[in-house]
Amino acid sequence: MQPTDYIWMDGKLVPWEQATVHVLAHALHYGTSVFEGIRAYNTKRGPAVLALQDHTRRLFNSAKMMRMEIPYTEDEINNAILETLRANNLKSAYIRPLVFRGMNKLGVDGRGCPVQVAIATIEWGRYLGEEAIEQGVDVGVSSWRRMAPGTLMAMGKIGGQYVNSQLVAMEAHDRGFAEGIALDIYGYVSEGSGENLFLVFDGVVYTPPTGNSILMGITRKLVMQLLADLNIPVKEQVISREMLYIADELFFTGTAAEVTPIRSVDGIPVGSGRRGPITEKVQREFFGITSGEIEDRHGWLTYVYEE
Ligand code: PMP
C-alpha cells in the first residue's frame, strides 16, 4: 500500500505512521468494528465522492446494529472525509472510514471499550484488474455459504463478518478464480465476497433480494436506478445456482469492483463468454457519471473542492 500523508483519527489529521492502535484493542481480538468503502473519482471539476451520504448513513446503521455510539454526527464524518481527501491531495481515492472498539478490557461484550474512528484515503485502481472491466472475470461458486439469518447481520458492514468474505476470496483465488460467488444457507445465490451480483436472463435483470444474506450495496442501488433510467426491468428475487449457468449476462457491482462483467462461472461461459450488451450499457452510464462526462442527473457526486 502506498502511504499518504495523513489519516484522520479521533477528530484530527495525524501523520500516516502515527495512526496506530494498541495491541489489546477489542476490535483486533473480536472483530468489533464497522467500516465503509467509498470511492472518489477524478473529474474535470476535481475529485468527487460517489454517494457520500449513503455510505455515511450505512456506517452509522452498522454501528447502531453493533451498539456502538459514534462520537460524531454524520455531517462531521462527511466533512472529515472531504478534509482527509484534501489533506492528501488525491485526485481519485478509495476511502476507508473505520469505527472500532479500542483498548480497555478483554471481555467479549465490548461495551466499555472506547469507540474510535479513523478515515484513510488511499490510491486504489481497479479491484478485479484493469482488463476485467472489458473482458470480465472468471468466478466459481464457493463451497462457503453466506451467514444464516439470525447468526450475524448481513446488512451490516461489520469487521468480524469479513472472515466469511475472506474464506470465499481465498478459496476462489486458490482455485484460480478472480472471485467466488457464495450461496446462502438455503442454496440460493447470494453475492461475491465483496460485491453484489446481477444476472440477465431473457431481457430481464435479476438480483438477489435484500434482507436475507446480502449487503445492501450502494452500487447495487445506483445500478438499479441506472437500469430504471434505461427502461430495463429489474426483479429482486431468489436466484437458483443453475440460473448462473444459463444466464445471458452476469455482472458484479461494488465500490471497489465498480461494474465488472463475469465471463464464466465454474468454467461454464456466461452467454457468449464476453461482456453482454446490458452490462455494457450500465457501465457506460456508471463510468460516464462518475467521470463527470455524463450529467450527474441524480446528484450522486460530492465535489471535494466545491463546498
Ligand atoms: N457485498 C459485500 C459483502 C461487500 O463487502 C460489498 C462492498 N461494500 C458489497 C456487497 C458492495 O457494496 P457497495 O456497492 O456498497 O460497495
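What you see is a predicted model; the values in this text were computed from it and never measured.

**Q** Help me understand the overall build of the chain, please; the structure alone is not making it clear to me.
**A** When helices and strands are tallied, the chain shows eight helices and 17 strands. Over its C-alpha atoms the chain spans a radius of gyration of 19 Å, differing by no more than 12% from the 19 Å that the globule rule assigns to 307 residues. In terms of its C-alpha atoms, the chain occupies a principal-axis envelope of roughly 55 × 45 × 30 Å. Evaluated residue by residue, the chain yields a buried proportion of 43% over its 307 residues.

**Q** It is not clear to me how helix H5 (residues 162–174) should be interpreted in this structure. Could you clarify?
**A** Each full turn of the α-helix corresponds to 3.6 residues, which orients residues three or four apart in the same direction. The end-to-end C-alpha distance of H5, which contains 13 residues, comes to 18 Å, matching closely the 18 Å that a straight helix rising 1.5 Å per residue would cover. Residues of H5 that are buried include every one of Val-168, Ala-169 and Ala-172, and no others. Summarising the axial view, the buried residues of H5 lie within an arc of 95°, below the 170-degree limit, and thus occupy one face. Exposed side chains of H5 directed beyond 90 degrees from the buried face belong to Val-163, Gln-166 and Asp-174. The first or second residue beyond H5 is Gly-176, which carries a positive phi of 85°.

**Q** It is not clear to me how the domain arrangement of the chain should be interpreted in this structure. Could you clarify?
**A** A common measure of how large an interface is: the accessible area buried when the components associate. Domain boundaries in the chain define domain 1 (6–122) and domain 2 (132–290). One C-alpha centre belongs to domain 1, the other to domain 2; they are set 26 Å apart. Between domain 1 and domain 2, the residue contacts involve 21 residues of the former and eleven residues of the latter. Residue assignment for the side of domain 1 that touches domain 2 shows that the elements contributing at least two residues are helix H1 (26–30), strand S3 (33–35), strand S4 (38–43) and helix H2 (52–65). Here the side of domain 1 that touches domain 2 gets five residues from one element, more than from any other, and that element is H2. Of the residues in the side of domain 1 that touches domain 2, the class split is eleven nonpolar, six polar and four charged.

**Q** Help me understand the site of the ligand in this model?
**A** Every one of the 14 residues lining the ligand counts as a neighbour, but Gly-217, Ile-218, Thr-219, Gly-254 and Thr-255 are closest to it. Among the elements that take part in the shell around the ligand, helix H6 (residues 218–229) stands out by supplying three residues, more than any other.

**Q** Just checking my understanding: could you explain the environment of Thr-32 for this structure?
**A** With respect to the secondary-structure elements, Thr-32 resides in the loop between H1 and S3. Separated by 31 residues in the primary sequence, Thr-32 and Ala-63 place their C-alpha atoms 9.7 Å from one another. Setting aside chain neighbours within four positions, we find Thr-32 in contact with His-26, Ala-27, Phe-100, Arg-101, Gly-110 and Gly-159.

**Q** It is not clear to me how the nonpolar core should be interpreted in this structure. Could you clarify?
**A** Nonpolar side chains in soluble globular proteins tend to end up buried together. Val-49, Ile-81, Val-99 and Leu-250 are the most contacted members of the largest nonpolar core, which has 74 residues in total. The contact partners of Ile-81, leaving out residues within four places of it in the chain, are Val-49, Leu-52, Ile-95, Pro-97 and Ile-119.

**Q** For this particular structure, what's the right way to read the packing of H6 against helix H8 (residues 277–290)?
**A** Two quantities define a packed helix pair, namely the angle between the axes and the distance from one axis to the other. With their axes 10 Å apart at the nearest point, H6 and H8 run at an angle of 115° to one another. Compared by their axis directions, H6 and H8 come out roughly perpendicular. Read as a crossing pair, H6 and H8 show a hand that is right-handed. Contacts between H6 and H8 involve Val-223, Leu-226 and Leu-227 on the former and, on the latter, Val-282, Glu-285 and Phe-286.

**Q** Whenever I open this one, the environment of Tyr-94 confuses me. Can you help?
**A** With respect to the helices, strands and loops of the structure, Tyr-94 is situated in strand S6 (residues 93–101). A C-alpha to C-alpha distance of 6.0 Å links Tyr-94 and Glu-123, two positions 29 residues apart in sequence. Those residues within four positions of Tyr-94 in sequence are excluded, and the remaining contacts are Gly-37, Arg-39, Ile-122, Trp-124 and Ala-256.

**Q** Mind showing me how you'd approach unusual backbone geometry here?
**A** Backbone phi values are negative for most residues with the exception of glycine, while trans is the configuration of most peptide bonds. Even without a glycine there, the phi angle at Asp-10 is positive, about 50°. At Asn-231, a residue that is not glycine, the phi angle is positive and equals roughly 60°. Checked against the element boundaries, Asn-231 lands in the loop between H6 and strand S13 (234–236).

**Q** Would you mind showing me how to read H6 here?
**A** When the terminal C-alpha atoms of H6 are compared, their 17 Å separation across twelve residues agrees well with the 16 Å that a helix rising 1.5 Å per residue should span. Packed against the buried residues of H6 are H2, strand S11 (196–201), strand S12 (204–207), strand S14 (249–254), strand S15 (258–265) and H8.

**Q** Any chance you could explain the confidence of the model for the chain here in plain terms?
**A** Low pLDDT means the predicted coordinates in that region are not meant to be read closely. For the chain, the mean per-residue pLDDT works out to 97, and 100% of the residues sit at or above 70. Within the chain, the element-level pLDDT minimum falls on helix H4 (residues 132–135), averaging 94, and the maximum on S3, averaging 99. For this predicted complex, the interface score ipTM comes out at 0.99, while the overall pTM is 0.97.

Basis of the calculations
Residues numbered from 1 in each chain as written. Predicted model: local features only at pLDDT ≥ 70, side-chain atom pairs only at ≥ 80, totals over all residues. Helix = DSSP H or I, 4+ residues; strand = E, 2+ residues; numbered from the N terminus. Rg over C-alpha atoms; globule rule 2.2 N^0.38 Å. Buried ≥ 20, exposed ≤ 12 C-beta atoms within 10 Å, placed from the backbone. Expected span 1.5 Å × (residues − 1). Arc of directions from axis to C-beta. Domains from an automatic or database assignment. Contact = placed C-beta atoms within 7 Å. Nonpolar A, V, L, I, M, F, W, Y, C, P; charged D, E, K, R; others polar. Near = placed C-beta within 6 Å. Core = buried A, V, L, I, M, F, W, Y, C linked by C-beta atoms within 7 Å. Axes fitted to C-alpha atoms, helices over the stretch in contact; angles between N-to-C directions. Parallel < 35°, antiparallel > 145°, perpendicular 65-115°, else oblique. Left-handed = near helix turned anticlockwise from the far one by under 90°. pLDDT = per-residue confidence, 0-100.

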